[in-house]
Every structure is written in C-alpha cells, then in structure tokens.
Amino acid sequence: MHHNFLPNSDNNPEDITAKITPEEFSEKEFLVPYILKGTRQQISHTMHILNAMGYAQLSEWSPLQPTGIPGQFITIMRRYWIWR
C-alpha cells in the first residue's frame, strides 16, 4: 500500500517536526502521528474543527498529498505526548 502514496519532493517531513528532538525523550514521552485521509473538503473541514476546538493549529498539518486514489488526499500532524 505504501507505493500508493505519491510524495511531494518539495515537502520534507523533517522540516515540519515538533521542536522536541529525540535526544530530549524520556521513557514517558512518545511521538503520536495524526493522519487525516479523504477529499480536500473533508480534510479541510476536520482541520478547521480541530483548530476551532484549540486542539491543532492549521499550520501544524503537512501539505495535502495525493494517495493515488482519485480525489483522495492525506495529511499528517505529529505531536509529542508526555505521560506523567
């Protein structure tokens, strides 16, 4: 399935990672990816709802990438969670 994702050479996921580096991890910190997949309208709607709730800024999401299925796109946001 991974070959259906068509990467955009202008979009480097390393440029959009959180500011916490792997060296700063403790046993209680871990990376959680959030993935939205659907039409442009569905993804945009969900992103705006999460933004309105104060959960995720629009700028935190990667640019939309085609999945290889006509009309379907994917975007990713990564967060570091700390369990106390």
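Our subject is the structure that appears above.
Okay, so let's go over this structure. (Residues numbered from 1 in each chain as written. Predicted model: local features only at pLDDT ≥ 70, side-chain atom pairs only at ≥ 80, totals over all residues. Heavy atoms only, no water.)

1. Observations regarding the nonpolar core
By size, the foremost hydrophobic cluster in this structure holds eight residues: Leu 36, Ile 43, Met 47, Leu 50, Ala 56, Trp 61, Phe 73 and Met 77. Counting only elements with at least two residues in this core, the list comes to helix 1 (40-52) and strand 3 (73-82). Here this core gets three residues from one element, more than from any other, and that element is helix 1. Excluding anything up to four places from it in sequence, Trp 61 contacts Tyr 34, Leu 36, Met 47, Leu 50, Ala 56, Thr 75, Ile 76 and Met 77. (Core = buried A, V, L, I, M, F, W, Y, C linked by side-chain atoms within 4.5 Å. Buried < 20%, exposed > 50% of the residue type's maximum accessible area, 1.4 Å probe, protein only. Helix = DSSP H or I, 4+ residues; strand = E, 2+ residues; numbered from the N terminus. Contact = heavy atoms within 4.5 Å.)

2. Quick look at the packing of aromatic side chains
Following the criterion strictly, the structure yields one aromatic pair and no others. Ring centres of Tyr 34 and Tyr 55 lie 5.9 Å apart, and the angle between their planes is 75 degrees; this geometry places the pair in the edge-to-face category. Residue Tyr 34 is located in strand 1 (residues 29-38), and its partner Tyr 55 is located in the loop between helix 1 and strand 2 (65-66); the two are separated by 21 residues in the primary sequence. For Arg 40, the ring lying beneath its charged end belongs to Phe 73, and the centroid distance is 4.3 Å. The ring of Tyr 55 has Arg 79 sitting right over it, with the charged end atom 4.9 Å from the ring centre. (Phe/Tyr/Trp six-rings, centres within 6.5 Å; stacked < 30°, edge-to-face > 60°. Lys NZ or Arg CZ within 6 Å of the ring centre and 35° of its normal.)

3. Overview of the pattern of salt bridges
This model, assessed by the stated rule, comprises one salt bridge. Residues Glu 60 and Arg 79 are paired through a salt bridge, measuring 3.2 Å at the closest nitrogen-oxygen approach. With Glu 60 in the loop between helix 1 and strand 2 and Arg 79 in strand 3, this pair connects stretches of sequence that are 19 residues apart. Overall, the relative accessible area of 28% leaves Glu 60 in the partly exposed class. Under the relative-accessibility criterion, Arg 79 is labelled buried at 18%. (Salt bridge = Lys/Arg side-chain N within 4 Å of Asp/Glu carboxyl O.)

4. A word on helix 1
With 13 residues, helix 1 should reach 18 Å at 1.5 Å per residue; the first-to-last C-alpha distance of 18 Å fits that figure. Looking at helix 1, one finds that the buried residues are Ile 43, Met 47 and Leu 50. Projected onto a plane normal to the axis of helix 1, the buried residues spread over an arc of 65 degrees and lie on a single side. Turned more than 90 degrees away from the buried face of helix 1 sit Gln 41, His 45 and Ala 52, all of them exposed. Buried positions along helix 1 lie against strand 1 and strand 3. Downstream of helix 1 by a residue or two, Gly 54 has a phi angle that is positive, lying close to 80 degrees. (Expected span 1.5 Å × (residues − 1). Arc of directions from axis to C-beta.)

Keep in mind that these numbers describe shape and distance, not what the molecule does.
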